[in-house]
Amino acid sequence: LSTRLQKEAAEKGSDAKLVQGKDGQPALLPLSAKLLQIVIAKAANFVPGGGIWLNTQRPEWNDANNALAGYGLSMVTACYLRRYLSFLIALFTDAGDTSFPMPAEIAACFTGLGRLYASGDADSAASDSKARRAFTDKAGALFEKERTALYAAGYAQGDTTLSAKDVIDALKAINAAVEHTIRINKRSDGLYHAYNTMRISDSAMEVEYLQEMLEGQVAVLSSGMLSPDEALSVIRALRK
């Protein structure tokens, strides 16, 4: 693929490296599709009870992640995902009775994730290692299907539409699961876990906690989920 892209770029210019539409030209996506693709990337790698799976070998900005790529789980990312979901729910609610065009590949993956989260499986998976493995496998398979289609033929399936209600319902289902995981990652000392690790077996996925870290407190305070009293309790716990 790399060799082909380099050859095409030499003949057609750097646009040849971009994802192509059915007409062979660079695909131009609406903002709604780009906003939801960010949700897909995180929600498809969400491990209930543990955080966002750092499985891409591309750690986040801070050095704490450098040793966690592959088997680390980020509650920091989960907290910021919660803030992003809250923003999107308000944004799409303001849109009223509107439908949004987007590539069929993105729409199918997003709605599939919405149904998976709406099933309630994420809540039981937050505290059950076998259910956690099953949920994570299902979410990953949905994302794999989208990636495989895009790598094979770009956005070749054409556009479809999603109603604002369908988008909001899916966002709320994902948000509920994320909030539940944030809640159960509150430590006995009043702080919140920042990063966790996991162990995968044939049928289960165990979550193991790391020591307290400042990043987790910054993230949960930034998430917008805590009430003023809850935020104050975190500040007091930090002081201790």
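Please read all numbers here as calculations on a predicted model, not as lab measurements. (Residues numbered from 1 in each chain as written. Predicted model: local features only at pLDDT ≥ 70, side-chain atom pairs only at ≥ 80, totals over all residues. Heavy atoms only, no water.)

Where nonpolar side chains cluster on the molecular surface, the patch consists of Tyr80, Leu214, Val218, Leu221, Leu232, Ile235 and Leu238 and spans about 560 Å² of accessible area. Mapped onto the nonpolar patch, the elements with two or more residues apiece are α8 (214–222) and α9 (228–239). One can find Leu221 in helix α8. Assessed through its relative accessible area of 34%, Leu221 is described here as partly exposed. (Patch = residues over 30% accessible without salt bridge, like charges linked within 9 Å, V, L, I, M, F, W, Y side chains within 5 Å. Areas by Shrake-Rupley, 256 points an atom, 1.4 Å probe, with all protein chains shown as cover. Salt bridge = Lys/Arg side-chain N within 4 Å of Asp/Glu carboxyl O. Helix = DSSP H or I, 4+ residues; strand = E, 2+ residues; numbered from the N terminus. Buried < 20%, exposed > 50% of the residue type's maximum accessible area, 1.4 Å probe, protein only.)

The subject of this paragraph is the sheet that holds strand β6 (residues 195–200). Hydrogen bonding along the main chain pairs the strands of a sheet, whether they run parallel or antiparallel. Reading across from one edge, β1-β2-β3-β6-β7 is the order of the five strands in this open sheet, with antiparallel pairing throughout. Edge strands, defined here as strands with exactly one partner in the open sheet, are β1 (46–47) and β7 (205–209). Here β6 runs beside β7; their pairing, made up of five bridges, is antiparallel. Opposite Thr197, over in β7, you have Glu208 as the bridge partner. In this fold helix α6 (residues 129–153) packs onto β1, β2 (51–53), β6 and β7, with an angle of close to 110° to the strand it touches most, β7. (Pairing = 2+ DSSP bridges. Contact = heavy atoms within 4.5 Å. Axes fitted to C-alpha atoms, helices over the stretch in contact; angles between N-to-C directions.)

This part takes up the packing of aromatic side chains. Within this structure, the stated rule accounts for three aromatic pairs. Judged by centre distance (6.2 Å) and plane angle (35°), the rings of Phe46 and Tyr117 are tilted. Taken together, the positions of Phe46 in strand β1 and Tyr117 in helix α4 (residues 104–118) put the pair 71 residues apart, joining distant regions of the chain. By the burial criterion, Phe46 is buried, and Tyr117 matches it. Taking 5.1 Å as the distance between ring centres and 90° as the angle between the ring planes, the aromatic pair formed by Tyr117 and Phe135 counts as edge-to-face. Taken together, the positions of Tyr117 in helix α4 and Phe135 in helix α6 put the pair 18 residues apart, joining distant regions of the chain. Assessed through its relative accessible area of 4%, Tyr117 is described here as buried. Of the residues examined, Phe135 reaches a relative accessible area of 2% and is grouped as buried. Ring-pair connections join several aromatic residues into one group, and the members of that group are Phe46, Tyr117 and Phe135. (Phe/Tyr/Trp six-rings, centres within 6.5 Å; stacked < 30°, edge-to-face > 60°.)

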